[in-house]
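# Structural features, examined
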Amino acid sequence: MIDTHIHIDEEAYAPDREEVIARQREAGVEAMLIPGVNAASIEGILDIARRHPGYCYPALGLHPQDVAADWQTQWAVIEQAIRAHLDELIAIGEIGLDYYWDTTYKSEQQEVFRMQLELAQELHLPVMIHSREATEDCLRILKEIQMVNGKCPNSKLTGVLHCFNGSRETAQQILDLGLYLGIGGVITFKNCKLAETLAGGGRFERVPLERLVLETDGPYLAPVPHRGERNESRWMELVAERLALVYETDKKTIIEVTNSNAKRLFRLK
Ligand SMILES: [Zn+2]
């Protein structure tokens, strides 16, 4: 399994981070991708990645929840770090829009989202996108960047909409934009409609397994029966089990296909 989104640099893992990483390796987790959220997180993420070459892979970006009055200063630092560490990075992220917590900096969120997407195109890096209560604006901006005359031919931008839990319509639009869907613990939650969404129905086909990647979003969103605990990558097995039901296959196949999807998308060796 490849965890395409884990905040292993966060405080929650500080007391025993090395043990946590060793435990995932032992359990068969092949790699962890670590998204950056702000300027302050840059050094910590690069440091963890350097201590675990070929296992922990860094991304840098400005998270929408970290967009505040100082966003331009933060972005300048992050952009410089992205350019300086280009050979180490596997993506720009985590970037996007979040209107759930706060809409004070809505237009600034949109502006820096656009800037980060443009930088990703310029540098040929995939993006890790976060969208919460902001689907319409997120899709609009992606289409502005990605589409020419309603199509996205030869697009330079690729990436993942992380922690996907949207509608069939939204899933289809994300696929049409050439992006992948990141699936995590949420799919195991009671009353969650994500499995049905992926399964398709009506005018929607089943979402191709070739467009899914696994993730934890750790320390958050641990799958059932670990809900509420600090998340670990090895528990993605529970996500794979749930997906196996949707795709009428076994867990092994889900893991193999999503592994190769993650390797292709993030050009992991
Ligand atoms: Zn995240």
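As a starting point, this report considers the structure included with it. (Residues numbered from 1 in each chain as written. Predicted model: local features only at pLDDT ≥ 70, side-chain atom pairs only at ≥ 80, totals over all residues. Heavy atoms only, no water.)

This part is about the overall build of the chain. Across its full length, the chain holds 9 helices and 8 strands. Compactness check: the chain gives a C-alpha radius of gyration of 17 Å against a globular reference of 18 Å for 269 residues, within 12% of the reference. Counting only C-alpha atoms and orienting by the principal axes, one finds that the chain spans roughly 50 × 45 × 35 Å. Sorting the 269 residues of the chain into buried and exposed places 55% on the buried side. Across the chain, every contact between residues at least 6 apart in sequence was considered, and the portion connecting residues at least 24 apart equals 74%. Accessible surface computed for the chain: about 12,000 Å², of which carbon and sulfur atoms make up 48%. Mean positive and mean negative side-chain charge positions of the chain (29 and 41 charges, respectively) differ by 6 Å. (Helix = DSSP H or I, 4+ residues; strand = E, 2+ residues; numbered from the N terminus. Rg over C-alpha atoms; globule rule 2.2 N^0.38 Å. Buried < 20%, exposed > 50% of the residue type's maximum accessible area, 1.4 Å probe, protein only. Contact = heavy atoms within 4.5 Å. Areas by Shrake-Rupley, 256 points an atom, 1.4 Å probe, with all protein chains shown as cover. Lys, Arg positive; Asp, Glu negative; His and termini not counted. Charge placed at Lys NZ, Arg CZ, Asp CG, Glu CD.)

Judged by nonpolar contacts, the single largest core of 74 residues is most densely connected at I82, I183, L198 and L243. With residues near it in sequence (within four places) discarded, I82 still touches L60, W75, L89, I92, L119, L123 and L125. Core analysis: the next-biggest nonpolar cluster, separate from the first, contains 15 residues, I2, A31, Y57 and M128 among them. (Core = buried A, V, L, I, M, F, W, Y, C linked by side-chain atoms within 4.5 Å.)

All right, on to the environment of T197 then. Structurally, the position occupied by T197 is in helix α7 (residues 194–199). Owing to a relative accessible area of 10%, T197 belongs among the buried residues under this scheme. Between the C-alpha atoms of T197 and V207, which are 10 residues apart in sequence, the distance is 8.3 Å. When sequence neighbours within four positions are dropped, the list of residues in contact with T197 reads F164, G166, S167 and R168.

The tally for this structure, following the rule as stated, stands at 1 aromatic pair. In this arrangement the basic side chain of K106 is found over the ring face of Y99, its NZ or CZ atom lying 4.7 Å from the centre. In this arrangement the basic side chain of R227 is found over the ring face of F189, its NZ or CZ atom lying 3.6 Å from the centre. (Phe/Tyr/Trp six-rings, centres within 6.5 Å; stacked < 30°, edge-to-face > 60°. Lys NZ or Arg CZ within 6 Å of the ring centre and 35° of its normal.)

Our focus in this paragraph is the side chain of N231. Summarising the element assignment, N231 is placed in the loop between β8 (212–214) and α8 (236–246). In contact with N231, not counting residues within four places along its chain, are Y13, T216, G218, P219, Y220, L221, A222 and P223.

A few words on the sheet that holds strand β6 (residues 159–161). An order of β1-β2-β3-β4-β5-β6-β7-β8 is seen for the 8 strands of this open sheet, with the pairing classed as parallel. In this open sheet, the two edge strands, each paired with only one partner strand, are β1 (2–3) and β8. Where α8 meets the sheet, its contacts fall on β1, β7 (180–183) and β8, and the angle it forms with β8 comes to roughly 150°. (Pairing = 2+ DSSP bridges. Axes fitted to C-alpha atoms, helices over the stretch in contact; angles between N-to-C directions.)

The subject of this paragraph is the coordination of the zinc ion. At this site the zinc ion is bound by H5 (NE2), H7 (NE2), E94 (OE) and D217 (OD), with donor distances of 2.1 to 2.7 Å. One can describe the donor arrangement at the zinc ion as irregular, given that its 4 donor atoms subtend angles of 84 to 173° at the metal. Of note, the donors binding the zinc ion are all from one chain and are spaced H-x1-H-x86-E-x122-D. In this pair, the class of H5 matches that of H7, namely buried. (Donors = N, O, S within 2.8 Å, 3.2 Å for Na, K, Ca; no water. Tetrahedral: all angles 85-135°; square planar, octahedral: opposite > 155°, others 65-115°.)

Our next topic: the environment of L268. Along the polypeptide, L268 turns up in the segment after α9 (251–266). Separated by 178 residues in sequence, L268 and I90 have C-alpha atoms that sit 7.7 Å apart. Non-local contacts of L268, meaning those with residues more than four positions away in its chain, are made with I2, L33, Y57, I90, A262 and K263.

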